[in-house]
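Spelled out from the first residue to the last, the chains are:
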Amino acid sequence: MKMTVLVFLSLLSTLANALTGNCVGTRGRDRIVVVLSGTQQNGSGSVSVAGRQVARFDGPDLRVNFVMQSIRARNAHGDVVEARVTNLSRQTGVLSRLIVPAYGINFSQVPVQCNLR
């Protein structure tokens, strides 16, 4: 019973806070960097591929799901980023989808190393 209460209180405190961090991975020779700051309702973030910022997300474009340990972002340009944490203690994750039509980018299932706070 005590453990259930502690887990519940921990979850509530996590939900009240914002998430900030970055995730880095590679696809071929290209280094992918996702930088974000957000809450369940909105946030801001950017994506860089090979040293060039290719997408930006602001306000309700970016949402954080603390329960599923994932982010989802979509902007008016059709850019899409979906990522999830696969191992919180090792801070590893997967960039499920990265679509940036203006640059012809369509990546999926890219392993990333994250630094989350």
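See above for the structure.
Definitions and limits used
- Residues numbered from 1 in each chain as written.
- Predicted model: local features only at pLDDT ≥ 70, side-chain atom pairs only at ≥ 80, totals over all residues.
- Heavy atoms only, no water.
- Helix = DSSP H or I, 4+ residues; strand = E, 2+ residues; numbered from the N terminus.
- Buried < 20%, exposed > 50% of the residue type's maximum accessible area, 1.4 Å probe, protein only.

Novice: Would you mind showing me how to read the environment of Ile32 here?
Specialist: Position of Ile32 among the secondary structure elements: in strand S2 (residues 30-38). Each C-alpha atom, one on Ile32 and one on Gln53, is 9.7 Å from the other, the two residues being 21 residues apart in sequence.

Novice: Looking at this model, I keep getting lost on unusual backbone geometry. Mind explaining?
Specialist: Backbone geometry follows two general trends: most residues other than glycine have a negative phi, and most peptide bonds adopt the trans configuration. Its identity is not glycine, yet Ala50 carries a phi of approximately 55°, on the positive side. Tracing the backbone through its elements, the reader meets Ala50 in the loop between strand S3 (43-49) and strand S4 (52-59). In the Ramachandran plot, Gln91 falls in the positive-phi region, its phi being about 55° despite a non-glycine side chain. By relative accessible area, Gln91 is classed as partly exposed at 25%.

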